[in-house]
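Structural features, examined
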Amino acid sequence: AAEDSYELWLRYRPLPAAARAGVPGAVAVDPAERDARVLAARDELFRAFAAMSGGMGGGGEVVLGTPATSARVRALRLDLGDLGDEGYLVRRVMTGGRPVTVVAANGGAGVLYGAFALIRRLQLGRPVEERSAPKVRLRVLNHWDNLDRSVERGYAGQSIWDWWRLPGHKDPRYVDYARANASLGINGTILNNVNAKADSLTAPYLAKAAAVADVLRPYGMKVYLSARFSAPIELGGLETADPLDPSVQAWWRAKADEIYRVIPDFGGFLVKANSEGQPGPRDYGRSHADGANMLAEALRPHGGAVMWRAFVYQETDPEDRAKQAYTEFKPQDGRFAPNVLVQVKNGPIDFQPREPFHPLFGAMPRTPLMLEFQITKEYLGFATHLVYLGELFAETLRSDTYARGPGSTVSRVVDGSLDGHRLTGMAGVANIGSDRDWTGSTFDQANWYAFGRLAWDPDASARTVAAEWAGLTFTTDPAFARPVADLMMASRQAMVDYMTPLGLAHLMGTGHHHGPAPWVSDLARPEWNPAYYHRADARGIGFDRTSKGSNAVGQYAGPAARRFARPETTGEDHLLWFHHLPWDHRMPGGATLWETLVRRYDRGVAAVAGFRARWAGLRPFVDAERWSKTADLLKVQEEEARWWRDASVAYWRSLNGRALPPGSPEPAHPLEYYKALRFPYAPGQAH
Ligand SMILES: CO[C@H]1[C@H](O)[C@@H](O)[C@H](O)O[C@@H]1C(=O)O
């Protein structure tokens, strides 16, 4: 179809007539060039130029390559010193009296990224020159994809990884997946769920992963696997997976050797250990560092890395889940091998609509901390609600940890500049599935896009990224791109308002995590209950994490801790995250907490109604298919926003017996109606 959402942001279309002459007519690589990434860059430029020129191109030539392999690039004596392996330079130069656009880099990956940058700039109608290098080294997607093609927390259909027919059949979709990722600079992918089956490490599955790696390699992407810690028992027939046991160590060394025989550039392992029932070193009285280092030692001869997740909330500190990862990992700072990264979620609980930054950022200066975002919207309305996550990601990244004084932002922890780490990384839990539009909705494509752009440059502006995506995906007409970027930027706060305003968190329905269920309090583990998080009763609401409560604030560095210690300085965004307050608590504007809470719900619902109206006005700019799907989903979102608001307000009122502030509507139904709703077949559930 002419307007196919399958193409994502790589929609190569004829440029406006005036711009077509500027589309290069020729692409030159050195005849001896053998780097598959440079050849992929050349092919991508051919494809893009042919479409963008509408047959009218001819604005000169593009020369691609590295000084090492291209005599023409070498002859230009460009300064590429600060670009590393993956950075690039796109520059207009005169050679032999003719203007030429050169895409130069120190390595093939840089050439590839430069080619995509050139395409992007032409699509957006911008001057083509650009110099850029990634600030973060490992920019990876985490697929929570199971071997049976179900996707944990996936809302866009089945897994794209067709394990059954691999390696014999390689779905052409893998090439488009690689192109999309390369266009953002994403350079690695973890193919299988962190809740891992040991089967993924058997020879047949390694052959399948190798086939995928072969497709991704020309696009600069490495394959990684999630490793099940107990695999030596399940696959090797050993009696233990104790990381200090020599037979276990030998098993992993042999396994790593086997993997590198079939995937020579294998990236390494991602591990979820001793978390939510997964096996791990703690099962044997060993530490996380013991477990990670054992795997790191097996990968070290081959240059692989271990991404060891810090998502743990058992065993230690039952008083406050938000404190547990810090309690367990902070003492191990400095004990991890050099090829281990500790992968930390953006916030201390679990991918909520809003959380403060995770207290481990800044607290483990001797360990490379990898930041994990969730691109799939497990707690944020699945692929139905329009929520632009670039704004959430950027909020985390610019948060100041104060670990080394003011300006010690999370982005500086992650890019390694704060503590001098060269091994750095950012992971995004993928929202990709086999739906035609990849992500379940057009606007969820923007979240994949924003993750990639912010992994490349954690200091990039979320708004700029949104406008860029809207320009590439729809049209660069400012009468469209500007209002759409405004809508996207407002969308996350709108969701916070109608779901969990003022710092509330984790009030979603159990298991599936869709829809409100603040009344649930009878689940086996205390931290699975919404009531654990809101702690509301007749008198007040919120989780006291000050020194009078769980003292989670004590895990933050001085100025941050001081800010979070008092309601007045905490600010509205995290108010009830850190404080338990009476319903009559006076807010800065003079209204009570209760009134303000209800007003926030109302504001969130009204915002979504506003998005619908705005989208209606943008109809002339968008093809019918993509316009209608978005319009349909916004209608559902408005209904669900009202559901969240009504159910939540009805519940809080059942506790506090208060009237609604003037003008705020009564909930549509009595509380019992909301409590009785059931969604046994919601998508994406853990199994
Ligand atoms: C993969 O498991 C997930 C689980 O489905 C999810 O509810 C939660 O977000 O976190 C877990 C994790 O991050 O490990």
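The structure displayed is predicted, hence computed values, not measured ones.

So, on to the sheet that holds strand E9 (residues 268-271). Within the closed barrel, the eight strands sit side by side as E6-E7-E8-E9-E10-E11-E12-E13. Their pairing is parallel. On average, each strand axis in the sheet is inclined to that of its neighbour by 25 degrees, with strand direction left out of account. Looking at chain direction, strand E7 (residues 188-190) and strand E8 (residues 222-226) are connected through three bridges and run parallel. Its bridge partner being in E8, Gly188 is matched across the sheet by Lys222. Where helix H6 (residues 203-216) meets the sheet, it contacts E7 and E8, and its direction lies at approximately 150 degrees from that of E8.

Most of strand E11 (residues 340-345) sits inside the fold, with six of its six residues counted as buried. What you see with E11 is no split at all: Val340, Val342 and Val344 on one side and Leu341, Gln343 and Lys345 on the other are buried throughout. Examined bridge by bridge, strand E10 (residues 305-309) and E11 share four bridges and lie parallel to one another. By the bridge assignment, Trp308 is partnered in E11 with Val342. Looking at chain direction, E11 and strand E12 (residues 369-374) are connected through four bridges and run parallel.

Let's shift gears to the domain arrangement of the chain. According to the domain assignment, the chain consists of domain 1 (5-132), domain 2 (138-473) and domain 3 (497-543 + 580-676). The partner domain 3 presents 26 residues to the 25 residues of domain 2 that form the contact. Each partner contributes to the roughly 2,200 Å² buried at the junction of domain 2 and domain 3, and carbon and sulfur atoms together form 53% of this total. Contact with domain 3 buries area across many residues of domain 2, yet Tyr379, Thr384 and His385 alone supply 25% of it, more than any other trio. Where domain 2 touches domain 3, the interface holds one salt bridge. Lys629 is the partner of Asp437 in a salt bridge, and the nearest nitrogen-oxygen pair spans 2.9 Å.

Right, let's get into the pattern of salt bridges. Applying the stated criterion to the full structure yields 50 salt bridges. Residue Arg228 pairs with Glu234 through a salt bridge whose shortest N-O separation is 2.9 Å. A salt bridge links Asp497 to Arg603; the shortest N-O distance between them is 2.8 Å. Of this pair, Asp497 sits in helix H15 (residues 478-499) while Arg603 sits in helix H20 (residues 593-617), and the two are 106 residues apart along the sequence. Asp497 sits in the buried class, given a relative accessible area of 3%. Given the relative accessible area of 38%, Arg603 is considered partly exposed. Each of Arg354, Glu391, Glu395, Arg492 and Asp573 takes part in salt bridges that share partners, so that together they form one network.

Cut-offs used in this document
Residues numbered from 1 in each chain as written. Predicted model: local features only at pLDDT ≥ 70, side-chain atom pairs only at ≥ 80, totals over all residues. Heavy atoms only, no water. Pairing = 2+ DSSP bridges. Helix = DSSP H or I, 4+ residues; strand = E, 2+ residues; numbered from the N terminus. Axes fitted to C-alpha atoms, helices over the stretch in contact; angles between N-to-C directions. Contact = heavy atoms within 4.5 Å. Buried < 20%, exposed > 50% of the residue type's maximum accessible area, 1.4 Å probe, protein only. Domains from an automatic or database assignment. Buried area = accessible area lost by both parts, 1.4 Å probe. Salt bridge = Lys/Arg side-chain N within 4 Å of Asp/Glu carboxyl O.

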